[in-house]
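Chain by chain, the residues:
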Amino acid sequence: MEKLLLITPPFVQVNCPYPATAYLKGYLTRKGFDVEQKDLSIELINKIFSRNFLEKVFDLYKGSNDENLERIYALRTKYTETVDTIIRFLQNGDSTIANLICGADFLPQASRFETIQDLDYFFGTLGNADCAKYLATLYLQDLSDFIRATVSSHFEIVRYAEKISLSVKSFSQLEGELSTPRNLIEEEMTALMQAYIDEYGPTMIAFNVPFPGNLLATLRCAQYIKEKHPQIKTLMGGGYPTTELRNMTDKGIFKYIDYIILDDGELPLERTLSGNKLLNTYTAEGFFNGMDDNNEIGLNQKTNTKHTHSHITHIERGCPDFSGLPHNKYLSLTEVTNPMHRLWSDGRWNKMMIAHGCYWAKCAFCDTSLEYICRYDSMSASQFVDYMEDVMQQTGSSGFHFVDEAAPPKMLKEISLEILRRKLKVSWWTNIRFEASYTGDLCSLMASAGCIAVSGGLEVASDRILKLMNKGVDIEQATIAMRNFYYAGIMVHTYLMYGFPTETLQESVDSLEIVRQMFRAELISSAFWHRFARTVHSSVGINPERFGIKAKEQIPNGFANNEIPFNENRNYNLNMVGEALNDALANYMYGNAINRPVHKWFRGKDIPETTIENSLITDHLIKPDSSRIYNESARLVWIGVQPVRNENGLTFHSNSDSKHIRFTPSESDFLIKITALCSNLERKTLFSEIKQIYSEYSNEPFAVFYHSKKWDILRKYGLLQI
């Protein structure tokens, strides 16, 4: 029987496991296969930032004219004496070590510490643990600068050799790198691979390669396996081959990799392990789509059943299995002090997918022609929360990051209700679209179920271009959704884009003004601006003329194909625009220069002032919330504590205050009954039912009571209309 070892290669984020191997292990183990998983990325990071490794790095240093490198080298004994303590702190957050780190002269400091702003402003007098995490992260970044200069320019904490892997036209570009001797990092990496092989004795090793920054490390490991253990089959799958290697004709990679799997890996791996017809898989012989000679999906030799489709459902994928991963080795970093921005690198998040694909799947810039986007498939909220409980048992963590392309609002509502029904105490954040579905009451429901943050694409903050790119939202709609999240206490991060086809300089200035006003209104906590890229699998890539651009005549690359060039008449410097937008954003995230006229961020002559009204966003903010519309088909939910009867009415309690409200005896009876009814999340209580119950206690129309201040007070203390 085959024995499969799943590997997450260097380097991905260091604060929690990347979930791909966990999903694969869960599925394949339930199918009866012998599967183990290892996170080579975090294991190698722990090796690199250790006393033993740093001593070898300092021994390699030959001197430099760089004053910063010379300073780090001069302080080498300070670094080697403190690095193990710092890693231990970042792993477990020991508050006693935090006090030490925040002391005046514990950490050696190089150029990264020059960026420190007023620490008291960000962390106050009680934020020692967070402050220490921030200082420790700067410390690791200083060491990373030294490692890049001394060992390999490819090294970064969350990626490796990304620049040479971003656009690889021919595999010979990578072959040249692979022909060089292994550096100190790669020697440590292959030593870990050898330890895994000695421990598990796999017959197959599969690497998940989600990003370009994982490709070279994967190939280095595969190269080592072919040199030392040629009998072991090597496999590669994940986001990078799925998006970039679909049209590969260059076979050079098969010197190191035996199988390259596209799209979801569960069924193709099941086929490969069982010796069945290969599915969605490249080998040196070509591409195999799982069809037999009669164009039928092949027979599963292990279960003697015929697959009638080329994928599994999201329910069949099942619960991820994080067992075997080194949960005590992950590091919580704080690269920036912005509380929303740091979620990506701080915290032990359990990464899970509510659904497969995107329920919208229409954005012109997105890879909507690929299965991982266009095939939407979900499961019940009850099943998903079952999986959440299983994962909490596996990892010991109750924090979740739902990594969907865009989490469906309906599913978030049902999941929130299920979390509350089970009285689970969890925290979570996810990616969303800024839809009208996110009413104030839905956002309050999500917050009460543990939602702390959302991220969503505002893209080019221009209604014209949002319509052109088929985003399905507009500025007003996004503003109201952001407002509702803000009022519910949920932080908002937004993804932004510049350089979309036909975008003018005026629209770039106006987009920045929209973003400025959103920061001013505190609707968004953080944001990230990136330059538009035309990808081969997007609508802009497939039909460029629809978006006012012309495709450059180009023969497809023999190896990787993703971003493709295009011709466009643009009468301004796009690099200048990018610099301006990012400079402004860096200030806005810390509350700086929020009232500076936006055109002044742009360098050059003839920069137009914004045409956006200064009150545009605030004008949107005063528009009514749809959860206050009289809707008899809506569901009512009570998430507060039960009111207490007193002489003159009822007392309502929240965690932070209490309020006594006068009600007639019949009104009090009515409210006691409906709050008890609506707090029972096992049943669905509709607005129409509450209206009928009200008629038993009062002769006046229910609409009068609904529009009264008394009903508004009920809403404040936990009555939601969803």
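Computed from a prediction, not measured in an experiment: that's the story for all the values here.

A.B. asks: Can you explain the overall build of the protein chain? Please cite residues and give values.
C.D. replies: Secondary structure summary: the protein chain contains 29 helices and 24 strands in total. Relative to a compact globule of 722 residues, whose C-alpha radius of gyration would be 27 Å, the protein chain shows 28 Å and is just as compact. Each of the three principal axes of the protein chain carries a C-alpha extent, and together these read 85 × 65 × 60 Å. Of all 722 residues assigned to the protein chain, the portion counted as buried reaches 56%. Pairs at least 24 apart in sequence give 76% of the contacts found in the protein chain among residues at least 6 apart.

A.B. asks: An account of the sheet that holds strand β8 (residues 281-283) is needed here, citing residue identities and associated values.
C.D. replies: Across the sheet, 7 strands lie side by side as β2-β1-β5-β6-β7-β8-β9; this open sheet has mixed pairing. With partners counted over all chains shown, the strands left at the sheet margins are β2 (34-39) and β9 (286-288), one partner each. With strand direction ignored, the average angle separating the axes of adjacent strands in the sheet is 25 degrees. Relative to strand β5 (residues 204-208), strand β1 (residues 3-8) is paired through 4 bridges, and the arrangement is parallel. Residue Ile 7 lies in a different strand from β5, and its bridge partner there is Phe 207. Taken strand by strand, helix α1 (residues 20-30) contacts β1, β2 and β5, and its axis lies near 170 degrees from that of β2.

A.B. asks: I'd like a rundown of the packing of aromatic side chains, residues and numbers included.
C.D. replies: In the structure shown here, the tally under the stated rule is 42 aromatic pairs. A centroid spacing of 6.4 Å and a plane angle of 70 degrees characterise the contact between Phe 652 and Phe 663, whose relative ring orientation is edge-to-face. Pair noted here: Phe 652 is in strand β22 (residues 649-653) and Phe 663 is in the loop between β23 (658-662) and α26 (665-678), with a separation of 11 residues, a long-range link. Neither Phe 652 nor Phe 663 differs from the other in exposure class; each is buried. Relative to Trp 711, the ring of Phe 702 lies with its centre 5.5 Å away and its plane at 85 degrees, an arrangement referred to as edge-to-face.

A.B. asks: A description of the environment of Ile 690 should follow, citing residues and the corresponding values.
C.D. replies: Of note, Ile 690 is situated in helix α27 (residues 687-694). Measuring from C-alpha to C-alpha, the distance between Ile 690 and Phe 702 comes to 9.0 Å, with 12 residues separating the pair along the chain. In this view, Ile 690 contacts Leu 636, Phe 670, Ile 674, Leu 677, Cys 678, Thr 685, Phe 702 and Trp 711; residues no more than four positions away in its chain are not counted.

A.B. asks: I'd like a rundown of the layout of surface pockets, residues and numbers included.
C.D. replies: Within this model, the second largest pocket holds a volume of roughly 730 Å³. Forming the walls of the second largest pocket are 27 residues, and the residues nearest its centre are Ser 444, Ile 639, Arg 715, Lys 716 and Gly 718. When contributions to the lining of the second largest pocket are tallied by element, the ones reaching two or more residues are α19 (440-448), α21 (475-487), α29 (709-716) and β24 (719-721). Counting residues per element, the lining of the second largest pocket draws most heavily on α19, which supplies 5 residues. For the lining of the second largest pocket, the class distribution of residues is 8 nonpolar, 10 polar and 9 charged.

A.B. asks: Outline the nonpolar core, supporting the account with residue identities and numerical values.
C.D. replies: Across soluble globular proteins, you tend to see nonpolar side chains buried next to one another. If you look at the biggest cluster of nonpolar residues, it comprises 177 residues, and the most contacted ones within it are Phe 49, Phe 500 and Phe 559. Considering every element that reaches this core, the biggest residue donor is helix α8 (residues 128-150), with 11 residues. When near neighbours in sequence (up to four residues on either side) are disregarded, Phe 49 contacts Val 83, Asp 84, Ile 87, Leu 140, Leu 143, Ser 144, Ile 147, Phe 155 and Ile 157. Within the second largest apolar cluster, 22 residues are counted, among which are Leu 636, Ile 661, Phe 687 and Tyr 717.

A.B. asks: Please provide a residue-by-residue account of the sheet that holds strand β16 (residues 491-498), values included.
C.D. replies: Read across the sheet, 6 strands follow the order β12-β13-β14-β15-β16-β17 without closing on themselves; strand pairing throughout is parallel. Looking at strand neighbours, the two that pair on one side only are β12 (350-352) and β17 (526-531), the edges of this open sheet. Direction aside, neighbouring strands of the sheet carry axes that sit 15 degrees apart on average. Pairing geometry for strand β15 (residues 451-459) and β16, over 6 bridges, is parallel. Note that in β16 the partner of Gly 456 across the bridge is Thr 494. Sheet strands in contact with helix α17 (residues 381-395) are β12 and β13 (399-402), and its direction is about 150 degrees off that of β12. Most of the contacts of helix α22 (residues 505-520) go to β17, to which it runs at about 165 degrees, and overall it touches β15, β16 and β17.

A.B. asks: Describe in detail unusual backbone geometry, supporting the description with residues and values.
C.D. replies: A cis amide bond, omega -15 degrees, links Pro 10 with the succeeding residue Phe 11. A positive phi is found at Ala 361, a non-glycine position, where the angle reads about 50 degrees. With respect to the helices, strands and loops of the structure, Ala 361 is situated in the loop between β12 and α16 (371-374). For Ala 361, a relative accessible area of 25% puts it in the partly exposed group. Non-glycine residue Lys 423 carries a positive phi angle of around 60 degrees. Within the secondary structure, Lys 423 is located in the loop between α18 (409-421) and β14 (427-432).

A.B. asks: Go over α19 with me, naming the residues and quoting the values.
C.D. replies: Given 3.6 residues per turn, any residue in an α-helix points the same way as the ones three and four places further on. Taken together, the buried positions of α19 are Gly 440, Asp 441, Leu 442, Cys 443, Leu 445 and Met 446. On its buried face, α19 is in contact with α18, β14, β15, α21, α29 and β24.

A.B. asks: Give a description of a negative patch on the surface that names residues and reports values.
C.D. replies: Residues Asp 66, Glu 67, Glu 70 and Glu 114 make up a contiguous surface patch of negative charge. Residue position: Asp 66 is located in the loop between α3 (51-60) and α4 (67-74). For Asp 66, a relative accessible area of 36% translates into the label partly exposed.

A.B. asks: An account of the confidence of the model for the protein chain is requested, with residue identities and associated values reported.
C.D. replies: Confidence along the protein chain averages 94 in pLDDT terms, with 96% of residues attaining 70 or more. This stretch, residues 293-308, has a pLDDT under 50; its non-local contacts, to residues over four places away or in other chains, come to 36 contacts.

A.B. asks: Any details on empty space enclosed by the protein? Residues and values, ideally.
C.D. replies: Here the idea is plain: a probe the size of a water molecule rolls over the atoms and shows the empty space left. Under the defined criterion, the tally for this structure stands at 3 cavities of 30 Å³ or more. Put simply, the largest cavity is a space of about 50 Å³. For the lining of the largest cavity, the element with the highest residue contribution is helix α14 (residues 266-273), accounting for 3 residues. Of the residues contributing to the lining of the largest cavity, the split by class is 3 nonpolar, 3 polar and 4 charged.

A.B. asks: Tell me about the pairing of β14, and name the residues and values.
C.D. replies: Each regular strand carries side chains that alternate between the two faces of the sheet. Counting buried positions over the 6 residues of β14 gives 5, a clear majority of the element. As a crossover connection, the stretch from β13 through α18 into β14 is right-handed. Direction of pairing for β14 relative to β15: parallel, over a ladder of 5 bridges. Of the residues in β15, the one forming a bridge with Trp 429 is Ala 453. Handedness of the crossover is the feature at issue here: the chain leaves β14, passes through α19, returns alongside β15, and the resulting connection is right-handed.

Thresholds applied
- Residues numbered from 1 in each chain as written.
- Predicted model: local features only at pLDDT ≥ 70, side-chain atom pairs only at ≥ 80, totals over all residues.
- Heavy atoms only, no water.
- Helix = DSSP H or I, 4+ residues; strand = E, 2+ residues; numbered from the N terminus.
- Rg over C-alpha atoms; globule rule 2.2 N^0.38 Å.
- Buried < 20%, exposed > 50% of the residue type's maximum accessible area, 1.4 Å probe, protein only.
- Contact = heavy atoms within 4.5 Å.
- Pairing = 2+ DSSP bridges.
- Axes fitted to C-alpha atoms, helices over the stretch in contact; angles between N-to-C directions.
- Phe/Tyr/Trp six-rings, centres within 6.5 Å; stacked < 30°, edge-to-face > 60°.
- 1 Å grid on protein atoms, 1.4 Å probe; cavity = no way out; pocket = protein on both sides within 12 Å on 5 of 7 lines; lining within 4 Å.
- Points joined across faces, edges and corners; volume = space filled by probe spheres on them.
- Nonpolar A, V, L, I, M, F, W, Y, C, P; charged D, E, K, R; others polar.
- Core = buried A, V, L, I, M, F, W, Y, C linked by side-chain atoms within 4.5 Å.
- Patch = residues over 30% accessible without salt bridge, like charges linked within 9 Å, V, L, I, M, F, W, Y side chains within 5 Å.
- Areas by Shrake-Rupley, 256 points an atom, 1.4 Å probe, with all protein chains shown as cover.
- Salt bridge = Lys/Arg side-chain N within 4 Å of Asp/Glu carboxyl O.
- Lys, Arg positive; Asp, Glu negative; His and termini not counted.
- Charge placed at Lys NZ, Arg CZ, Asp CG, Glu CD.
- pLDDT = per-residue confidence, 0-100.
- Right-handed = clockwise from strand over helix to strand, strands pointing away.

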